[in-house]
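Each chain, written out:
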Amino acid sequence: MIKHEKPKSFYDTFERKGAGQQVSHYCPGCGHGTVHKLIAEALVDFDVADRTVFMSPVGCSVFAYYYFDVGNFQCAHGRAPAVATGVRRTLKDALVISYQGDGDLAGIGTAEIIHAANRGENMTVFFINNAIYGMTGGQMAPTTLVGQKTTTTPTGRSEQNDGGPLGMAEVMQAIKAPVYIERVSLGTPQGVLKTRRAVRKGLQYQIEKRGFSFIEILSPCPINWKMDPQTSRKWLTDKLEPVFPVQSFRDEGTGEAPPAFREKRMLKGKDLLKLLQGDTAITEVTESTLEETQYVKIAGFGGQGILSAGMFLAKGGIAEGLHATWLPSYGPEMRGGKAYASVILSKQLIGSPVVDLPNVLIAMNLPSLIAFEDDVQEGGIILVNSSIIDRKVSRSDLRAVHIPASDIAKEGGLIAASNMVMITAYLAVTGTLKVDTIKKLLPQSVRRKEHVDKNLKIVDASIAYLKQQGVI
Ligand SMILES: Cc1ncc(C[n+]2csc(CCOP(=O)(O)OP(=O)(O)O)c2C)c(N)n1
Ligand code: SF4
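These figures come from a predicted structure and were not determined experimentally. Residue numbers here run from 1 along each chain, matching the order of that chain's written sequence. Chains and ligands are labelled sequentially in the order written, the chains with letters from A and the ligands with numbers from 1. Only residues with pLDDT of 70 or above have their local features reported here, since the model is predicted, and side-chain atom pairs are shown and tallied only from 80 upward, although totals for entire chains, interfaces and linings are computed over all residues. No hydrogens and no water enter the side-chain calculation; it runs on all heavy atoms of the structure.

## A closer look at unusual backbone geometry
- A positive phi is found at D47, a non-glycine position, where the angle reads about 55 degrees.
- Secondary structure follows DSSP: runs of H or I at least 4 residues long count as helices, runs of E at least 2 residues long count as strands, and numbering of each begins at the N terminus. Relative to the elements of secondary structure, D47 occurs in the loop between α1 (31–45) and β1 (52–56).
- For D47, a relative accessible area of 68% gives the class exposed.
- Unlike most non-glycine residues, A131 shows phi in positive territory, near 60 degrees.
- By secondary structure assignment, the location of A131 is in the loop between β4 (124–129) and α5 (159–162).
- For A131, a relative accessible area of 0% gives the class buried. Throughout, exposure labels follow a simple rule: accessible area from a 1.4 Å probe, protein chains only, divided by the maximum for the residue type, with under 20% read as buried, over 50% as exposed, and the rest as partly exposed.

Written as structure tokens, this is what we have:
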């Protein structure tokens, strides 16, 4: 039954529109609005709006997050399937939708869609093919018809110069993993009803954890086609449909979903550790006592072992059964440039490795303290390498630990191990991981074997210093 009301998975008012908050920004006769409504209605009927995460692309549908009252990401051009993969892998129960135009999916994002399909991610992709770049004013898209006039093909697309219209459903068909591939069209009311069925099927299969669904929807863009809405629907049927045949390409909706594409395996604990560093002295993954997710920023200059300290911490987290991410950031210089590592340690799955607001800052030099001191969360901790930072932490709403890391490392005969002093201090003061875990990881993590003993002694010296100072 078609309901003539606004589905509840849309916001009551569309704030973007200023005065006219009951209508979207789409042009009259645009297909995006129709598809939005079909999706929104299905989310309500399937009772999944609360767990839906919608990826809107760059293109006319960039503002989908103003309309759908669900979880939303606005993705960089063409990258929606990659972002959707991140969401898929971290939120097991989410209903993941990638919604993309033809410039976005078939042009700039060709790689992302092909690989997401090939991995058989359990997600639903709605591909809105209007044969043109809508938002930017009507340039040629990969799906533009031969002879079609656009701003970049003013005399019509030439197959000789520009290639022919790219059939993305056909490309999908060449890939083994997708379970459902269909092309539908908004050209006629019957076509809209078929689209409605396809939208529902694509979502249903995801709910049943069958795998990857791809629904290509031929959709009018009256503005850039320079037609009125009625003529554009007719043009769609007469011109687009013969080039992009409306048909079901694959439908594996019955029986068991292929196991390889159903659930993705997450490497954890010992297996992940083995992958990262081969054999390790850690034979059993211990149970972490961590309560609060740690958002760690380690910062200094190249050569201070910033990145390896971050990696070390992440491995330690994995060895204690935590989820861990490590995101390096460094300048082009091999030595002396800025070097940052962002590490997250958590009992929960981690959606993004970015650390904007750390609750732990390990500052190895003064520019790093200056750069990040204000970003640290209230109640967090800043550890300062006081050997080379000649000022104290100026904030009083968090814990500050000053430790002469370079001096302790130097006394231990290995100045390069000042990073180990800082890591040891962080762990000893906060109890995030056992210092023993770090010690067990050292032999496989330190490249030069003669440095292992020195590192171990420096860890002990750091503990002794903290005890002597009454810090622990
Ligand atoms: C990286 C990047 N390149 C180019 C653009 C410019 N841009 C914005 S929308 C768009 C085309 C969108 O066309 P399509 O995906 O077909 O969606 P439609 O607007 O037709 O729905 C382009 C090229 C951009 N925003 N970002
Ligand atoms: S430019 Fe085309 S695709 Fe964009 S909103 Fe207008 S009709 Fe729709």
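## Some remarks on the packing of helix α12 (residues 306–319) against helix α16 (residues 435–445)
- Packing of α12 against α16 leaves a shortest axis separation of 10 Å and a crossing angle of 120 degrees. By the criterion of interaxial angle, the relationship of α12 to α16 is oblique. Two packed elements cross with a definite hand, and for α12 against α16 that hand is right-handed. Together, F312, K315, G316 and A319 of α12 and T437, I438, L441, L442 and S445 of α16 make up the contact between the two elements.
- Only Asp, Glu, Lys and Arg are considered charged in this grouping, and only Ala, Val, Leu, Ile, Met, Phe, Trp, Tyr, Cys and Pro are considered nonpolar; every other residue, Gly among them, is considered polar. Tallied by class, the residues present in the contact of α12 with α16 amount to 5 nonpolar, 3 polar and 1 charged. Axes here mean lines fitted to C-alpha atoms, for a helix over just the part in contact, with angles spanning 0 to 180 degrees between N-to-C directions. Oblique is the label for any angle not covered by the other classes, which are roughly parallel (under 35 degrees), roughly antiparallel (over 145) and roughly perpendicular (65 to 115). Crossing handedness: left-handed means the near helix sits turned counterclockwise from the far one by under a right angle, and right-handed means the same turn made clockwise. We call two residues in contact whenever any of their non-hydrogen atoms come within 4.5 Å of each other.

## A word on the site of ligand 2
- Nearness is defined per residue: one heavy atom within 4 Å of the molecule or strand is enough. Near ligand 2, the surroundings consist of Y26, C27, C30, H32, C60, N130, G134, C221, P222 and N224.
- When the residues that make up the shell around ligand 2 are grouped by side-chain class, the tally is 6 nonpolar, 4 polar and no charged.

## Quick look at the sheet that holds strand β11 (residues 360–363)
- For two strands to be treated as a pair, DSSP must find at least two bridges joining them. Taking strand neighbours across the sheet as the criterion, the 6 strands line up as β9-β10-β8-β11-β12-β13 in an open arrangement whose pairing is mixed. Bordering the open sheet on either side are β9 (323–330) and β13 (399–403), each of which pairs with just one other strand. Direction aside, neighbouring strands of the sheet carry axes that sit 15 degrees apart on average.
- Pairing geometry for β9 and strand β10 (residues 338–346), over 8 bridges, is antiparallel. By the bridge assignment for β10, A324 is matched with L345.
- Where helix α15 (residues 418–430) meets the sheet, it contacts β8 (294–301), β11, β12 (381–385) and β13, and its direction lies at approximately 150 degrees from that of β12.

## A few points about the pairing of β8
- Taking burial as the measure, the 8 residues of β8 include 6 buried ones, the bulk of the element.
- In this structure, β8 lies alongside β10, joined through 8 bridges in antiparallel fashion. Bridging across to β10, K297 finds its partner in S342.
- Where β8 and β11 come together, 4 bridges link them in parallel fashion. Looking at β11, one finds that V296 is bridged to V360.

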